[in-house]
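An overview of the molecular structure
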Amino acid sequence: MAHTVKTKTDGRKPALPVRASLPTTAVRMNLLGVEYFHLKTEDGGDLFLTQYGCPFWEHLQPHNWYARDWFETKRERLLGTSTVYRLPTKEVGGVSLHLVVKWSRVGEVIPVDTLTMNKFIHAEFNSPFEEFSLLMELRKGEYGPPDIRIRTQKPLAIYVPSERLQFWQTGRSEDKMAAKLARSPGVELDILRQYVVIYGWVKGLDLVETADLFQLEGTARNQMLAGMTSLVIHELEQKGYRVVDMKPAHVIVRPQPDFSLMRDRHRQIVYALIDYELMLRTEEHEQAVRSANRQYYLSHMARRFEDNASNPLPSHLKAVNILGVDYIYGHAESTGGLMWVVGKDPELFNFFLPERWRRTPKNPLADHSQAAHTRTKDNVNLVWKISRLGLRPEVPDDSSNSRAILEHGFNNPFEAFSYAMEIARRGGRTTYPRAIYMTGHKTETQLVDLRHYTPLADLRTPDGHPVLRQDHDYITIWGWWNGPDQQLADHDTGHYRSLNLHQAQEMKLLSATEVVGLLEHARLRLARFGFEDLNLEPEHLLIAFDAKKQLVLDTFGKPELRLCNFELVRPLAADVPTA
């Protein structure tokens, strides 16, 4: 049985016959708000079809356009700094489809002038899925004046070839990627993967070609190019978007025999924007989207463990339970990595995809643990920590406590989340575990302690992967403590300000004696809940101040302490869930 795909034609006859039956192997998924059907290709690659690409899924199979002999003889290199081609597909059902295929430049240095870079200092190429997400949003046109319409190419598909390249073949900046990896190892895109974005061809000529056709020179040429480019920039901003490197070659128009440009029924010039890898929202639009996304996130996060029969799991996500913790499991398609999001709500999955947090500004928390606080693209505060699973803990001496640390080793991410959840269930206070991310690229880290791989050695993901893989990094994602989830969901105001005990002492909010006392208090309470932290330090405990700058107190009148590090936490009791 094949999937049936309904396509919108807006009352107009489709350009090509619609083939609406997808193979039964097609998996429907939502990535960053865009619906895709995912297919494995004959060459072992991945094809993500949009609503516009689904009717032509056979045309978009790589063997119908990317086969070496066909691609090399039929392609037409288009002008520009990127690798982009126009080419026809092979005939399917007697019809050929004209494509624009472009190799994503995510991770590369942006080749724009100094003035532009100073204006958009943090600009980076969109990932393929971010590019399609922004473009689909623009095409809907829900933001800004309804009478302005920005025409674009139709995004058909994203193709990810199966082969990995040598680094020199990627075209990406080794220095830039190395700098990123130094700041946040294990967080970036898999830089050896290729991503090919596939668009439909737009009829017409770009503004430069049009000026040549009209034989415009000097002032007349400059006025035409500058005037039309300015019009597009203005209307694009009215709709809430801008393109960092906007140029005349990115605008397609329809020249008429009388040396005029085609206009619509409202007498407005018909044009199409054709480059989106550096498209972003305006500040006002971005703030509106971030605010809406944050409210959606907070409302769902407060109910993440509730069963919701009206919100069934999409086929690309699976519900799993590991060491007593419920997760929504799926793939991070932009990196080839894997994700486990705590809870039962599939709507939260997209918030933790690496493209939402890996490139946002980071505030390092502790050099030795490679942890950072960031505010995601959805305006959500998170803390990510690179797991030290498999590494040997550094200890200061040969004391009994140091020997206990060495004998135990670092917890794996699932143990850390399980212990945090169990402590909270028993009445303790912890930061909230949010998600676990396994990077797509392989690591060359030399592991020396494999003991914490053993508890989950036989456990597999729903698609057959080992849950713990020694050749990949794992990153745990935690909530940034600024108030209880339910409180923030009800009223996203009155945020708490949190400090660890070391910071509080440095700021003279607590004395050294008070810090020692609170550490002992935390140690006793942790033991009461059946756990111990083999390396309990002031940095592992948070205190908080409410919106009135009052210290948040527990039921005993002491500063409420919240444990935020679980690398060396272990149970004292035997009733903690195991694999």
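**With respect to the overall build of the protein**
Across its full length, the protein carries 13 helices and 29 strands. When burial is assessed residue by residue, the protein has 51% of its 579 residues classed as buried. Contacts in the protein between residues far apart in sequence, at least 24 positions, make up 64% of those at least 6 positions apart. If you sum the accessible surface of the protein, you get close to 28,000 Å²; carbon and sulfur atoms cover 50% of it.

**As for the pattern of salt bridges**
Under the criterion given, the structure shown has 24 salt bridges. Across the pair Asp 46 and Lys 40 runs a salt bridge, and its minimum N-O distance is 3.1 Å. With a closest N to O distance of 2.8 Å, Arg 523 and Glu 520 form a salt bridge. Residue Arg 523 and its partner Glu 520 are both found in helix 13 (residues 512-528); the two are separated by 3 residues, about one turn of the helix. It is possible to trace a salt-bridge network through shared partners that takes in Lys 102, Arg 105, Asp 275 and Glu 277.

**Here's the deal with the nonpolar core**
Of all hydrophobic cores here, the largest spans 88 residues; its most connected members are Val 101, Ile 198 and Phe 352. No other element matches helix 3 (residues 128-140), which puts 6 residues into this core. Dropping the residues within four chain positions of it, Phe 352 is found in contact with Tyr 297, Met 301, Met 339, Val 341, Trp 357, Leu 382, Arg 434, Ala 435 and Ile 477. Residues Tyr 327, Leu 389, Ile 423 and Ile 436 belong to the second largest nonpolar core, which totals 44 residues.

**Let's talk about the pairing of strand 21 (residues 371-375)**
Within a regular strand, side chains alternate between the sheet's two faces. When you tally the buried positions in strand 21, you get 4 out of 5 residues, the bulk of the element. Taken together, the 5 bridges between strand 21 and strand 22 (residues 381-386) define a ladder with antiparallel strand orientation. Bridge assignment links Ala 371 to a residue of strand 22, and that residue is Lys 385. The turn linking strand 21 back onto strand 22 is made up of 5 residues, and Asn 379 within it adopts a positive phi angle of 65°.

**Examining the packing of aromatic side chains**
Under the criterion given, the structure shown has 26 aromatic pairs. When the ring of Tyr 66 is compared with that of Trp 103, the centres are 6.0 Å apart and the planes differ by 50°; the resulting orientation is tilted. Taken together, the residues span a long stretch of sequence, with Tyr 66 in the loop between strand 5 (46-49) and helix 1 (68-74) and Trp 103 in strand 8 (residues 98-103) at a distance of 37 residues. A ring pair is formed by Phe 132 and Tyr 199, whose centres lie 5.5 Å apart and whose planes are at 55°; its orientation type is tilted. Residue Phe 132 is located in helix 3, and its partner Tyr 199 is located in strand 11 (residues 196-200); the two are separated by 67 residues in the primary sequence. The burial state of Phe 132 is the same as that of Tyr 199; both residues are buried. In textbook terms, an aromatic cluster arises when at least three aromatic residues are bridged by ring pairs, as seen for Trp 65, Tyr 66, Phe 71, Tyr 85, Trp 103 and Tyr 159.

**Section: the environment of Asn 64**
Tracing the backbone shows Asn 64 in the loop between strand 5 and helix 1. Placed 33 residues apart in sequence, Asn 64 and Leu 97 show a C-alpha to C-alpha distance of 10.0 Å. Not counting chain neighbours up to four residues away, the residues in contact with Asn 64 comprise Glu 58, His 59, Trp 70, Thr 89, Lys 90 and Val 92. A polar contact is formed between the side chain of Asn 64 and the backbone oxygen of Glu 58, at a distance of 2.6 Å.

**Describing the sheet that holds strand 7 (residues 84-88)**
Strand order in this open sheet of 8 strands is 3-4-5-10-11-8-7-6, and the pairing throughout is antiparallel. Only two strands of the sheet have a single neighbouring strand rather than two, namely strand 3 (27-31) and strand 6 (76-77). Its contacts with the sheet place helix 3 against strand 3, strand 4 (34-40), strand 5, strand 10 (155-160) and strand 11, and it is angled at close to 175° to strand 10.

**Some points on the sheet that holds strand 9 (residues 151-152)**
With mixed pairing, 4 strands are arranged side by side in an open sheet as 9-15-14-12. In the strand order of this sheet, the two ends are held by strand 9 and strand 12 (205-206), each with one partner. Bridging between strand 9 and strand 15 (residues 271-273) involves 2 bridges; their strand directions are parallel. Note on strand 15: the bridge partner recorded for Thr 152 is Leu 273. Sheet contacts for helix 7 (residues 218-238): strand 14 (251-253) and strand 15; angle to strand 15, the most-contacted strand, approximately 65°.

**A few points about the confidence of the model for the protein**
Parts of the model with low pLDDT should not have their predicted coordinates read in detail. Summarising the model, the protein shows a mean pLDDT of 85, and 85% of its residues fall at 70 or more. Taken together, the stretch residues 179-189 has pLDDT below 50 and engages in 32 contacts with residues farther than four places along the chain or on a different chain.

**Concerning helix 9 (residues 400-408)**
Of the positions making up helix 9, those classed as buried are Ser 402, Ala 404, Ile 405 and His 408. An end-on view of helix 9 places all buried positions within 160° of arc, on one side of the element. Across from the buried face of helix 9, at angles greater than 90 degrees, the exposed residues are Ser 400 and Glu 407. Elements that come into contact with the buried residues of helix 9 comprise strand 29 (569-571). Following helix 9 by one or two positions, Gly 409 adopts a phi angle in the positive range, close to 75°.

Calculation notes
Residues numbered from 1 in each chain as written. Predicted model: local features only at pLDDT ≥ 70, side-chain atom pairs only at ≥ 80, totals over all residues. Heavy atoms only, no water. Helix = DSSP H or I, 4+ residues; strand = E, 2+ residues; numbered from the N terminus. Buried < 20%, exposed > 50% of the residue type's maximum accessible area, 1.4 Å probe, protein only. Contact = heavy atoms within 4.5 Å. Areas by Shrake-Rupley, 256 points an atom, 1.4 Å probe, with all protein chains shown as cover. Salt bridge = Lys/Arg side-chain N within 4 Å of Asp/Glu carboxyl O. Core = buried A, V, L, I, M, F, W, Y, C linked by side-chain atoms within 4.5 Å. Pairing = 2+ DSSP bridges. Phe/Tyr/Trp six-rings, centres within 6.5 Å; stacked < 30°, edge-to-face > 60°. Polar contact = N/O pair within 3.5 Å; in protein donor to acceptor, adjacent residues only side chain to side chain. Axes fitted to C-alpha atoms, helices over the stretch in contact; angles between N-to-C directions. pLDDT = per-residue confidence, 0-100. Arc of directions from axis to C-beta.

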